[in-house]
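Each chain, written out:
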Amino acid sequence: QVQLVESGGGLVQAGESLRLSCAASGRTFSRYNMAWFRQAPGKEREFVSRITWNGGTTDYADSVKGRFTISRDNTKNTVYLQMNSLKPEDTAVYYCAVRGWGVAPSGYGDWGQGTQDTVSS
């Protein structure tokens, strides 16, 4: 099991940026693909972005493509999500996930506790 802790959420205005971090425990972090999901009030958890174990492949939901960038630093056991040009519809709790792939939440084995991002108009 991998323990994950997200940080970096907050309240911003539309058009501004946030950078989320997800710190993982354990020496095997570099072996795992990682992903970010989000869940808005009253909605199901949805895929945002994912990155392979070595950072060689990334993928994004259409709704964030061109605005968000996922990256990782295996020396720091951390994955990042840089979010630019934020919109009110990006408001959600953001979760990082590990030990999986794909775009379905059910495909991942471990989750962080989430970090709240709120974008005001």
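See the structure above.
Given the structure is predicted, the values throughout are model-derived calculations rather than measurements.

A. Inspection of unusual backbone geometry at higher detail. At N77, a position not held by glycine, the phi torsion is positive, near 50°. Although it is not a glycine, S85 sits at a positive phi angle of roughly 50°. Here S85 is to be found in the loop between strand 8 (78-83) and strand 9 (92-100). For S85, a relative accessible area of 40% corresponds to the partly exposed category.

B. Expanded view of the environment of I51. Note on placement: I51 falls in strand 5 (residues 46-51). Separated by 66 residues in sequence, I51 and D117 place their C-alpha atoms 21 Å apart. Setting aside its immediate chain neighbours within four residues, I51 contacts N33, M34, T57, T58, I70, S71, R72, V79 and W101.

C. The environment of G107, seen in detail. Positionally, G107 belongs in the loop between strand 9 and strand 10 (108-111). Through-space distance from the C-alpha of G107 to that of V93 is 19 Å; in sequence the pair is 14 residues apart. Contact partners of G107, with chain neighbours within four places excluded, come to R99, G100 and W101.

D. Fine view of the packing of aromatic side chains. One pass over the structure, following the stated rule, counts five aromatic pairs. With a centroid separation of 5.3 Å and an interplanar angle of 75°, the aromatic rings of F37 and Y108 are classed as edge-to-face. Of this pair, F37 sits in strand 4 (residues 34-39) while Y108 sits in strand 10; the two residues are 71 residues apart in sequence, bridging distant segments of the chain. As far as the burial class goes, F37 and Y108 line up, both buried. Centroid distance Y108 to W111: 6.3 Å. Interplanar angle 70°. Geometry classified as edge-to-face. Judged by relative accessible area, which is 25%, W111 ranks as partly exposed.

Scoring rules and cut-offs
- Residues numbered from 1 in each chain as written.
- Predicted model: local features only at pLDDT ≥ 70, side-chain atom pairs only at ≥ 80, totals over all residues.
- Heavy atoms only, no water.
- Helix = DSSP H or I, 4+ residues; strand = E, 2+ residues; numbered from the N terminus.
- Buried < 20%, exposed > 50% of the residue type's maximum accessible area, 1.4 Å probe, protein only.
- Contact = heavy atoms within 4.5 Å.
- Phe/Tyr/Trp six-rings, centres within 6.5 Å; stacked < 30°, edge-to-face > 60°.

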